[in-house]
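What the coordinates show
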Amino acid sequence: MSKRTNDFWSSPLTRPAIKSPEVRLPEMLLGYFIGPFGALLSSGIFTSILQNYFTDVLKLDLTFLTTLQLFSTILIVAANLVVGQLIERTRCLAGKARPWILLSALTLSVASVLMFIIPFEGTARMVWVAIAYNLYYAVAYPIYNTANSTLIPVSTRNSQQRGALASFTNVAGLGVMGAGSMVFPMLVSFALKEDQRLWFLTMLAIAIFSALTIFLQFKFTRERVTEELLGQGDTPAAAKGASLGEQLRAVASEKWWWVVMLFYLGFQWSGAMKNGSMSFFCKWVLDNTFFGSADAWGASQSLLGVLGAIPMAVAAVFVVPLANKFSKRIVVFWGMVVGAVGGVIAGLGNGQIVPVAIGVALKCLGSAPAAYMILAMLADVIDHIEFKRGIRTDGLTMSIYSSIMVAATPICNSIFSAILNASGYDQAADVALGTAAQPAAARGGINASYIWVETVAYAVCALLIFFFTVEKKLPEEQAAIAARHKQGGN
């Protein structure tokens, strides 16, 4: 495609506000912190409370929820792969990812509120929820998430500046998870309760906030690498990359790719199971009389959220220096061990808030190295594959990575719905009655979902990452890649 003037992308509304060839603070704050925070806020809330909204506010059938979330996973994975290819083929003055960011200001904000407009009853209600759910998770969210992930590598070639942008984005992700697990549950338990009108008005306000912040992200970002390629005339040589088939063959034959993907699958999906069952655990398993009332579950969930967020925030200062000194493998391995120990402490707490809180804090501290290092470990594998096969597999690898991340919530929520259904969970139970309001089987299933699934997964992940030795020869391999490029080969 030849370079050409496009009046729409040249207008004052769509021209980037960033003119500097270097990444500066306004771009970091507005483009990589405030923008992603607003865009992902609804996702953070959904991860923590959407399952509770479906079961306890809308009173949806648990079998329906299980079927919906499992079926949606197919659409979600397909959507991530398709969007990744669409972004790779986008060429315009705004770049290849930023146009999709702008589109997300509409699609993500609208889709995030549709599940809270309930105009029907009975079967029609379930059809509406199914459509709205898939518009968010299988259309709007993949468009934004894939484009947002692509922004960092195309923002600049300066690796230090890219690292700073990645840090801002990670902090934004922690912020939305904190809002979803700490702030919003208190709003639900003390104000929204089961009032569908209040739920709708609250999510509408969040949707408007998301649209504004996504537009800020669009304005305050710049694709310097894409501009560089377009400046070369967008020739076939500049745009050429490995085909999808070549990438598939390359990753399928690399054991370290499988190790890191299986590690991330266990880490991410067990975390999704924990997050989706958190409000249920605080409602029906945890002893909330610590706060003076059996129905103070929102305060308990906020406390656990705070105790989980603080260790992860503190760990952000230490993880990179420790990984540089001891290797990513060693730091992540010991993090998983600490997380598994924390899970055992929480599990043995038997619903008492003090040992559970201590265990959750330790588990979150242990998860921090994996949360911060997973993209770096994937990058190491991609370089290793390039050394062996002579091609880059960024597109396919990041599409699969994104699919694992996005599909975790619906799949694990569907499994959790099936657990609730099989254990006799009472959707009409009075939370003021405390733990006795649910049968023992339901409490046991909730307890296993919140504590033990992730604890076991951390132990398995520790074993997997212990044998992840791709870093040992990576400097020599990267030097060989650089020499190959200097010679004009690939």
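Residues numbered from 1 in each chain as written. Predicted model: local features only at pLDDT ≥ 70, side-chain atom pairs only at ≥ 80, totals over all residues. Heavy atoms only, no water.

This part takes up helix H13 (residues 328-348). End to end, H13 covers 30 Å across 21 residues, agreeing with the expected 30 Å (1.5 Å per residue, within 8%). Phi for Asn-350, located one or two positions after H13, is positive at around 55°. (Helix = DSSP H or I, 4+ residues; strand = E, 2+ residues; numbered from the N terminus. Expected span 1.5 Å × (residues − 1).)

The N-to-C vectors of H13 and helix H14 (residues 353-389) enclose an angle of 155°; their axes lie 7 Å apart at closest approach. It follows that H13 is roughly antiparallel to H14 by the angle criterion. Handedness of the crossing formed by H13 with H14: left-handed. Its residues placed into classes, the contact of H13 with H14 shows 15 nonpolar, 7 polar and 3 charged. (Axes fitted to C-alpha atoms, helices over the stretch in contact; angles between N-to-C directions. Parallel < 35°, antiparallel > 145°, perpendicular 65-115°, else oblique. Left-handed = near helix turned anticlockwise from the far one by under 90°. Nonpolar A, V, L, I, M, F, W, Y, C, P; charged D, E, K, R; others polar.)

Our focus in this paragraph is the packing of aromatic side chains. When we look at a pair of aromatic rings, we describe it by the centre distance and by the angle of the planes. All chains considered together, the criterion is met by 26 aromatic pairs. With a centroid separation of 4.9 Å and an interplanar angle of 85°, the aromatic rings of Tyr-136 and Tyr-137 are classed as edge-to-face. For Tyr-136, a relative accessible area of 0% translates into the label buried. Classification of Tyr-137 as buried rests on a relative accessible area of 3%. (Phe/Tyr/Trp six-rings, centres within 6.5 Å; stacked < 30°, edge-to-face > 60°. Buried < 20%, exposed > 50% of the residue type's maximum accessible area, 1.4 Å probe, protein only.)

What follows deals with the nonpolar core. In terms of nonpolar packing, the biggest core is built from 133 residues, with Phe-54 and Phe-263 touching the most fellow members. The residues contacting Phe-263, other than those within four sequence positions of it, are Val-332, Met-336, Ala-370, Ile-374, Met-377, Cys-461, Leu-464 and Ile-465. (Core = buried A, V, L, I, M, F, W, Y, C linked by side-chain atoms within 4.5 Å. Contact = heavy atoms within 4.5 Å.)

This paragraph deals with helix H4 (residues 98-114). Compared with the 24 Å implied by 1.5 Å per residue over 17 residues, the 25 Å span of H4 between its first and last C-alpha is a close match. The sharpest bend along H4 measures roughly 40° and falls at Ser-104. Most of H4 is tucked away: 14 of the 17 residues are buried. (Bend = angle between axes of the 7 residues up to and from the residue.)

The next subject is the confidence of the model for the protein. Taken over all residues, the pLDDT of the protein has a mean of 84, while the share at 70 or more is 91%. For the protein, the element scoring lowest by mean pLDDT is helix H9 (residues 236-239), at 39; H13 scores highest, at 95. Below a pLDDT of 50 lies the segment residues 1-5, which in the model reaches 7 contacts outside its immediate sequence neighbourhood of four places, other chains included. Scored below 50 in pLDDT, residues 232-240 shows 8 contacts in the model against residues more than four places distant or in partner chains. (pLDDT = per-residue confidence, 0-100.)

So, on to a nonpolar patch on the surface. On the surface, Val-306, Ile-310, Val-314, Val-317, Phe-318, Leu-322 and Phe-326 cluster together into a nonpolar patch covering about 620 Å² of accessible area. Along the chain, the position of Val-306 falls in helix H12 (residues 297-326). Looking at Val-306, the relative accessible area reads 31%, which means it is partly exposed. (Patch = residues over 30% accessible without salt bridge, like charges linked within 9 Å, V, L, I, M, F, W, Y side chains within 5 Å. Areas by Shrake-Rupley, 256 points an atom, 1.4 Å probe, with all protein chains shown as cover. Salt bridge = Lys/Arg side-chain N within 4 Å of Asp/Glu carboxyl O.)

Looking now at the packing of H13 against helix H16 (residues 440-466). Close contact between H13 and H16 brings their axes to 8 Å; oriented N to C, the two are set at 155°. The angle between H13 and H16 falls in the class roughly antiparallel. Viewed along their axes, H13 and H16 form a crossing whose handedness is left-handed. Contact residues: Arg-329, Val-332, Phe-333, Met-336, Val-337, Gly-339, Ala-340, Gly-343, Val-344, Ala-346, Gly-347 and Leu-348 in H13; Ile-451, Trp-452, Thr-455, Tyr-458, Ala-459, Cys-461, Ala-462, Ile-465 and Phe-466 in H16. Residue composition of the contact of H13 with H16, by class: 16 nonpolar, 4 polar and 1 charged.

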